[in-house]
Each structure stands twice: as C-alpha cells, then as structure tokens.
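# Per-entry structural report
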Amino acid sequence: MAQWNETAGMAAHRMRIGGVDSLDVVADGQPIGRITRRDIERCENQGNWLEAVMVRDLVGDPRDTCN
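Residues numbered from 1 in each chain as written. Predicted model: local features only at pLDDT ≥ 70, side-chain atom pairs only at ≥ 80, totals over all residues. Heavy atoms only, no water.

## Topic: helix α1 (residues 8-18)
Within α1, the full set of buried residues consists of A8, G9, A11, A12 and M15. In a view along the axis of α1, the buried residues occupy a sector of 160°, so they form one face of it. Looking one or two residues beyond α1, the residue adopting positive phi is G19, at roughly 65°. (Buried < 20%, exposed > 50% of the residue type's maximum accessible area, 1.4 Å probe, protein only. Helix = DSSP H or I, 4+ residues; strand = E, 2+ residues; numbered from the N terminus. Arc of directions from axis to C-beta.)

Shown next as structure tokens:
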C-alpha cells in the first residue's frame, strides 16, 4: 500500500523490497487507485526524477486489473 502523497520513488522502493508489481494507493484510509511498476517505469523513461513525482499523479482506477 502507498499513500497518495508519497513520491513515485518511495513507491518503487516499496515494490522492490516487497517483491510486488503494484500497490494500492490510499487517502485517508480509503483506496483511491493503484500504481504499477509499469506506471513508474513509464514515468522514469520519460525523463522524470521519481522523487519529484507524486504517487497521486500516477494512480489508475482501483478496479482496473489489466495494468
């Protein structure tokens, strides 16, 4: 799980240490979406520094299981 106000770098680190490819994103304890390793890689490949990108900017629909 990742908080909406964390950086993409923090989420990427959490995925690596947890060995997972996606994390649910929450705000005030409620799910607001999902972030995937592919979302993070796409962001980084576009030249973004992951510590400057917020998780909330990469969130997909929590019901989308095809990421």
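## A short note on the pattern of salt bridges
Within this structure, the stated rule accounts for four salt bridges. For D24, the salt bridge is made with R34, and the minimal N-O distance between the two is 2.9 Å. In this pair, D24 is assigned in strand β2 (residues 22-27) and R34 in strand β3 (residues 30-36), connecting sequence segments ten residues apart. A salt bridge links R42 to D39; the shortest N-O distance between them is 3.4 Å. With R42 and D39 both in helix α2 (residues 37-45) and three residues apart, this pair spans about one turn of that helix. The buried category is assigned to D39, whose relative accessible area is 12%. (Salt bridge = Lys/Arg side-chain N within 4 Å of Asp/Glu carboxyl O.)

## Notes on the sheet that holds β2
Overall, mixed pairing links the three strands, which are arranged β1-β2-β3 in an open sheet. Both edges of this open sheet fall to β1 (2-3) and β3, since each of them pairs with a single strand only. Sheet topology places β2 next to β3; six bridges connect them, and they run antiparallel. Its bridge partner being in β3, V26 is matched across the sheet by P31. (Pairing = 2+ DSSP bridges.)

These results come straight from atomic positions and should not be treated as a statement about function.
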